[in-house]
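Secondary and tertiary structure notes
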Amino acid sequence: GACLLPMNPMAADYTIDTTHSFVEFKIQHLGYSWLYGRFNKLDGSMKYDAANPESSEINITIDTASIDSNHAERDKHLRGNDFLNVAKFAKASFKSTSYKGDADKGVLTGILSLHGVEKTIEIPVEKIGEGPDPWGGERAGFAGSYTLTRADFGMDYELGPASTKVILTLGIEGIKK
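One structure accompanies this document, and this report is about it.

About the criteria used
- Residues numbered from 1 in each chain as written.
- Predicted model: local features only at pLDDT ≥ 70, side-chain atom pairs only at ≥ 80, totals over all residues.
- Heavy atoms only, no water.
- Helix = DSSP H or I, 4+ residues; strand = E, 2+ residues; numbered from the N terminus.
- Buried < 20%, exposed > 50% of the residue type's maximum accessible area, 1.4 Å probe, protein only.
- Contact = heavy atoms within 4.5 Å.
- Core = buried A, V, L, I, M, F, W, Y, C linked by side-chain atoms within 4.5 Å.
- 1 Å grid on protein atoms, 1.4 Å probe; cavity = no way out; pocket = protein on both sides within 12 Å on 5 of 7 lines; lining within 4 Å.
- Points joined across faces, edges and corners; volume = space filled by probe spheres on them.
- Nonpolar A, V, L, I, M, F, W, Y, C, P; charged D, E, K, R; others polar.

Quick look at the environment of Ile128 now. Examined against the element boundaries, Ile128 turns out to sit in strand E9 (residues 117-132). The exposure class of Ile128 is exposed, given its relative accessible area of 59%. Distance in space between the C-alpha atoms of Ile128 and Ala140 is 7.7 Å, their sequence separation being 12 residues. Ignoring sequence-local partners within four residues, the contact set of Ile128 consists of Gly141, Phe142 and Ala143.

Met46, Ile58, Leu112, Leu114, Leu148 and Ile172 are the most contacted members of the largest nonpolar core, which totals 38 residues. Among all residues touching Ile58, those that are not within four sequence positions of it are Ile16, Ser45, Met46, Phe94, Lys95, Ser96, Leu108 and Ile172.

Take empty space enclosed by the protein next. In the structure shown here, the tally under the stated rule is one cavity of 30 Å³ or more. Taken together, 24 residues form the lining of the largest cavity, with Met46, Ile58, Leu108, Val125 and Phe142 sitting closest to its centre. In terms of residues, the lining of the largest cavity owes the most to one element, E9, which gives four residues. Across the lining of the largest cavity, the residue classes break down as 15 nonpolar, two polar and seven charged.

See the structure below:
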């Protein structure tokens, strides 16, 4: 006999929990050490259904002026024309276009818009966990990492050969609507 499984064509909508979501970065300093930082303000939404993971979507917006490398003068330089140029490009964003994988891990493809440049990128992601929270809600959390070449996004300020790339790490937690 045929076994009929209930279909869920609509992935659940989630709001990004901004207090438990992160966009962090690291870049080599002169090839001798890592400089770490983060963007303190981000917002967004996602769709997720463990039974139909390929229907997953995410849309994140980052306030570029919220860059924080734990050094005020350096942050001022990073916000300026040599790097993020936040006066002209106040927001960066990532909007997914597809997901390939299962409910636990896969590759998220989407458009990264940064510094006035839009590029399609792939981010390997994994589910950290999902389930009920102590306040009666449901949550799901994911992490991923992407290595960005600064010059690809028009940021070619000379920092030496060890510092052409930036590793972005994302930790995203969503609250089911």
